[in-house]
Amino acid sequence: MKTKINKLIPYLNFEGNCEEALNYYKDILGGTVEILVRYDHSPIIVPDNFKDKVLHGRLSFGNLEIFASDISPESPAKKNSGDVALSLEVSNVENGIKIFNHLAEAGTILVPFEKQFWGAWHGNAIDKYGIRWMVNC
């Protein structure tokens, strides 16, 4: 049986700073942030100081989306695993430099954004929230 998939949406997990991270990405990538559900509007039991955290949020930019949430304090997020990266394809080098530099700010640059041996511009960094990004042009 063949399955039709409409799109793939990355789902990012944070440890209490999801809303901050989504707004940070919104400032870099544009778009809008929607906090769809907070823990205080769910049956999930969390400490009182976690009830205003994000159970499900969305960043929409262009025709793309990223979903995100704050992970319950009992289940810390796995950071810097290196297993997954969000890869952005940008239309010109100037935008690529700007986006890469913002994402890499206060993070770790793994591959500087520069012309690579295969001919494209590319950079790879882990941002200040522990998310690995690849910017390509």
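This brings us to the pairing of strand E6 (residues 108-115). The pairing of E6 with strand E7 (residues 121-126) spans 5 bridges and is antiparallel. Counted as the bridge partner of Ile 109 is Ala 125 from E7. Where E6 folds back onto E7 in an antiparallel hairpin, the turn is made up of 5 residues, including Gly 119, whose phi is positive at roughly 105 degrees.

The next subject is the sheet that holds strand E3 (residues 54-61). Taken together, the 4 strands give an open sheet; going across it, the order is E1-E4-E3-E2, and neighbouring strands pair in mixed fashion. The two strands at the open ends of the sheet, each matched to only one other strand, are strand E1 (11-14) and strand E2 (32-38). The sheet shows a mean angle of 20 degrees between the axes of neighbouring strands, taken without regard to direction. As paired strands, E2 and E3 are joined by 6 bridges and run antiparallel to one another. Across the sheet, Ile 35 pairs through a bridge with Gly 57, a residue of E3. Sitting on the sheet, helix H1 (residues 18-29) is in contact with E1, E2, E3 and strand E4 (64-70), with an inclination near 0 degrees to E3.

In terms of nonpolar packing, the biggest core is built from 28 residues, with Phe 14, Tyr 25, Leu 29 and Trp 133 touching the most fellow members. Those elements that place two or more of their residues in this core are E1, H1, E3, E4, strand E5 (86-89), helix H2 (93-104) and strand E8 (132-136). Among residues more than four places away in sequence, those in contact with Phe 14 are Ala 21, Tyr 25, Ala 68, Ser 69, Asp 70, Ile 71, Tyr 129 and Ile 131.

How each quantity is defined
- Residues numbered from 1 in each chain as written.
- Predicted model: local features only at pLDDT ≥ 70, side-chain atom pairs only at ≥ 80, totals over all residues.
- Heavy atoms only, no water.
- Pairing = 2+ DSSP bridges.
- Helix = DSSP H or I, 4+ residues; strand = E, 2+ residues; numbered from the N terminus.
- Axes fitted to C-alpha atoms, helices over the stretch in contact; angles between N-to-C directions.
- Contact = heavy atoms within 4.5 Å.
- Core = buried A, V, L, I, M, F, W, Y, C linked by side-chain atoms within 4.5 Å.
- Buried < 20%, exposed > 50% of the residue type's maximum accessible area, 1.4 Å probe, protein only.

Such coordinate-based values are descriptive only and should not be taken to indicate function.
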